[in-house]
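Chain by chain, the residues run as shown.
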Amino acid sequence: MPSEQAGDAGAAGAAGPIRSEPGSLLEHVPVAVFGMDGDGRIRFWGPGAQGLFGHEAADVLSRPAAALFPEPPAGTPGSAARLTERARTLGYWRVRLPALHRDGSVFDCGFRVFPVAGSADDPVIMGLASRGDELDRVKTNLAFLDALFETCPIGLVMLDQDLRYVHLNQALADMDGLPVTAHLGRATDEIMLTSDDGEFQRMLRAVADEGRSLVGVLVGMRTPGRPDRDQVRSVSLFPLSRAGETRPGVGGLLVDVTDRERALLEATAARRRLALLDRAAARVGTSLDVDTTARELVEVAVPDFCDGCVVELVEWMNPAEAFDPRLPLFTRRIASGTVLPPPAPELVAGLERVAYPAGSGIHRMFAAGRPLCVRVDEEFAAGATDRPGRARLLLESGLDRIVIAPLIARGTVQGIAMFGRSSARPDFTEQDLSLAGELASRAALCLDNARLYSRVQDIALTLQRALLPSALAPSEHVAIAHRYLPGSRATEVGGDWYDVIDLPGDRVALVVGDVMGHGVPAAASMGRLRITAKALARHGPEPERLLGELDACARESGIELATCVYVEYDPHTGRARIANAGHPPPLLRRPDGTVETLGGGLGVPLGVGGVPFRTAGAHLPDGAVLALYTDGLVEARGQDIEAGLDALRERLAAVEGPLEEEVDRVLSALLPDAATDDTVLLLARIRHAV
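To start, this report covers the structure provided alongside it. Just so it is clear, the structure is predicted and the values come from calculations on it, not from any experiment.

What counts as what
Residues numbered from 1 in each chain as written. Predicted model: local features only at pLDDT ≥ 70, side-chain atom pairs only at ≥ 80, totals over all residues. Heavy atoms only, no water. Phe/Tyr/Trp six-rings, centres within 6.5 Å; stacked < 30°, edge-to-face > 60°. Helix = DSSP H or I, 4+ residues; strand = E, 2+ residues; numbered from the N terminus. Buried < 20%, exposed > 50% of the residue type's maximum accessible area, 1.4 Å probe, protein only. Lys NZ or Arg CZ within 6 Å of the ring centre and 35° of its normal. Pairing = 2+ DSSP bridges.

Quick notes on the packing of aromatic side chains
Counted under the stated rule, the structure contains 9 aromatic pairs. Aromatic pair Phe 34 and Trp 45: ring centres 6.4 Å apart, planes at 50 degrees, arrangement tilted. Of this pair, Phe 34 sits in strand β2 (residues 32-36) while Trp 45 is found in strand β3 (residues 42-45), placing the two residues 11 residues apart along the sequence. Accessibility classification places Phe 34 together with Trp 45 in one group, the buried group. Considering the side-chain rings of Tyr 92 and Phe 114, the 6.3 Å spacing of their centres and the 20 degrees angle between planes classify their relative orientation as stacked. Remark: Phe 114 occurs in strand β5 (residues 106-118) and Tyr 92 occurs in the loop between α3 (79-90) and β4 (93-100); sequence separation between them is 22 residues. On the basis of relative accessibility, which here comes to 9%, the residue Phe 114 falls in the buried class. Every member of this aromatic cluster is reached through a ring pair, and the members are Phe 34, Trp 45, Phe 53, Phe 69, Phe 107 and Phe 111. Its end group placed over the ring of Trp 93, Arg 86 keeps NZ or CZ at 5.2 Å from the ring centre.

Now the structure itself:
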């Protein structure tokens, strides 16, 4: 007695082309398509039907479909009639029936029938048929695969040609610590995180592209679902043949052998620590700025080494004083970062000045002189701060353990670095404490370099400003506006200088110079030249003789290179005498708005020697504006100096208002936000004597 099974009546309305399901299993199961009318006659005969039943289309079309089945027992309806009747009444029917081949052989056949066209009284019944043994084979294979993916304790995975997850079993999802759905469509390098410089990805790509299989390869990795756990997996990979013309993919079997391969795991962890130290060496200390260096340490440590990090500088009353564990300790927090959710960000960034009461973990760390690991509990939180609210915030932050490391360089304690982990990550090991000490030591040296550099910068800038005139000599014939702007904190103080000197007979001398070099030596050399120039000018030598004396002074003082421009103006004649020692030339804005260059040739710089200087003359009209400046105003990296001079001329042509306002407008238009060199600009409005 053939078995029969009713299907979902809702499928009766399905329309469109009939396709078999793709896949390497189903593509080997022929599907016959045929159609019958309400009288059980064959109305459609597809090529698959001819292959399954052996009849040519011309032999069966319009003939009764009963020819496709053995004679039924006496008194029972034929199989064709049953198919037609069930399709009409149920809308969809699935059944296994004996079928008759043209050669007379009888074979088991699976049928699916449903109405697709015609009226309710005379529908067209569409039939799909396949050999029963082929269907059984496919069902068995699919059942085996389903059972394998559901129950196999080994991780199984199917990847497409782009190495993205197509299918995986629960065992692999559990290994990764992520749901199956979180894998699908994602690339393998998003889930299987290795530290092998891409070697595992190259193996996967070779399997996909070249069809090479791999068996039992050991791979160390982490996953986003288990970021705190290093795993070692034995991985076997093989190419997959896909249906039709679609590209092949990769199949894989993965076994967690972490416990067995502990040595490889430890080597992987060691490589991670070395990689972190390499990144710290490359990224910490890129500038001589204390705050930037501290931020770089935080960025290196979070999240690769810890979940949260802060860097603090100790506020010693006297840097040479000995640490006293009986006294509170005050620090200034200069960098912080965390990947933990609130309230952790408020904990690490909520304070700038921190007070640690005597007996705190910070005190114990300083007493030990090495990194200290502490567990965050009620006792530690109570001793870490004198503010109850901060203690509660620490306990609720999610941090479970903290490593406190001293920042010590050249025998001086700079501050502290703290690295915190949540309970989701493993405990700090002795190797981790050593790594924290290495990170702190590198950062401390960079911080000390930045601190020393800042101190030298401050000394040089203080000296520079002390040696520059605090107030220029007033003159009724020359209105003066002047500015000195040091370079940014990323550059050293230079040797720019200027002065305005009263001379006998109402004459006025204006001088601007620049000592090549930076820092304290340049500032000291600048002061020597300025004082010498002022003393010489009051003795009234010709401008070229004054520069000659400055040149001799420079060579005697070991000043290798300096520039200077000297302008002597007589308001009774309106004449100016100009001498130049390799300095950018003065510019004169005439009352009609035209701008011209004064002084002829530049001459050689001071300190070169052996070349005489020359004096050039010029008439300065009443109301004209004379501009003297240093090269920091017109020179910029990647820009020709002529372009800078043209820009200065354009700005000077627009100078008409009060000089104090105009000098600021010129500087703001020509200087970038972070100037790389010192700059002097001196504007002088000329007035003739009546």
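So that's the structure; there's more coming.
Here we look at unusual backbone geometry
Omega for the peptide link from Val 302 to Pro 303 comes to 5 degrees, which places this bond in the cis form. Structurally, the position occupied by Pro 303 is in the loop between α9 (290-301) and β12 (308-314). For the bond running from Pro 342 to Pro 343, omega is 10 degrees, close enough to zero to count as cis. One non-glycine residue, Asp 506, lies in positive phi territory at about 65 degrees. Relative to the helices and strands, Asp 506 is located in the loop between β19 (495-502) and β20 (508-515). A relative accessible area of 38% means that Asp 506 is categorised as partly exposed.

What about the pairing of strand β10 (residues 226-240)?
Looking down a regular strand, the side chains alternate between one sheet face and the other. When strand β9 (residues 214-223) meets β10, the two strands line up antiparallel, connected through 7 bridges. Across the sheet, the residue bridging to Gly 220 is Val 232, located in β10. Hairpin geometry of β9 and β10 is characterised by an intervening segment of 2 residues between the two adjacent antiparallel strands. Both β10 and strand β11 (residues 249-256) contribute to a ladder of 8 bridges, which runs antiparallel. Bridged to Pro 239 within β11 is Val 250.

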